[in-house]
Amino acid sequence: MEDFNNFGWQLERVIHKYTQFEKKPQLYLNEIKMAQPEIHTITIVGDQEGINITELAGKRAVTKGAVSQMIYKLTDKGLVEKRPSPQSDSEINLYLTSKGKSVYDEHQKRFESMRKYFEDTMNMIPNETRKQLMTFLERFESELDKLLKGGVWSVCAAVC
């Protein structure tokens, strides 16, 4: 039980710190301050040029309204441009501007450095343990999805 409690508190600390990190702006191209949701949006658009608002919302796991607001900010910063879709008059496709591509490239370099560090760390963990960790994270995410929709913890539904 003590191991579970320690794990739970550690996970909560990590979540809180990541939430703080997400809000802390990072400087790109020595002039553009961007929080994590903004740079993650740039990354998705850069990886999938021509993506539409609905697809982007699904990838980011946020509402279409939230994506529209984000795209407005990024367009205002000169990083993203909207173009009419060739498939539909009512659909808008998203593309990076040349400045947006420069931000994307800088982020990719930063991310690659971080990815290498975490990959090396993960490789120190036995494969079976990594699989179990992934299963835990998937189940935890599923429970959070239920809670966010107004539900209760599945484990509590039967006994609480």
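Residues numbered from 1 in each chain as written. Predicted model: local features only at pLDDT ≥ 70, side-chain atom pairs only at ≥ 80, totals over all residues. Heavy atoms only, no water.

K.L.:
With reference to specific residues and values, describe the pairing of strand β4 (residues 92-96).
P.N.:
The element β4 is extensively covered by neighbouring structure, given that four of its five residues are classed as buried. Looking at chain direction, strand β3 (residues 80-84) and β4 are connected through five bridges and run antiparallel. Bridging across to β4, E81 finds its partner in Y95. (Buried < 20%, exposed > 50% of the residue type's maximum accessible area, 1.4 Å probe, protein only. Helix = DSSP H or I, 4+ residues; strand = E, 2+ residues; numbered from the N terminus. Pairing = 2+ DSSP bridges.)

K.L.:
I'd like a description of the pattern of salt bridges, backed by residues and values.
P.N.:
In total, this model carries seven salt bridges according to the counting rule given. Residue D120 is joined to K116 by a salt bridge in which the shortest nitrogen-to-oxygen separation is 2.9 Å. Of this pair, D120 and K116 both sit in helix α5 (residues 98-123), separated by four residues, roughly a single helical turn. The exposure class of K116 is partly exposed, given its relative accessible area of 43%. (Salt bridge = Lys/Arg side-chain N within 4 Å of Asp/Glu carboxyl O.)

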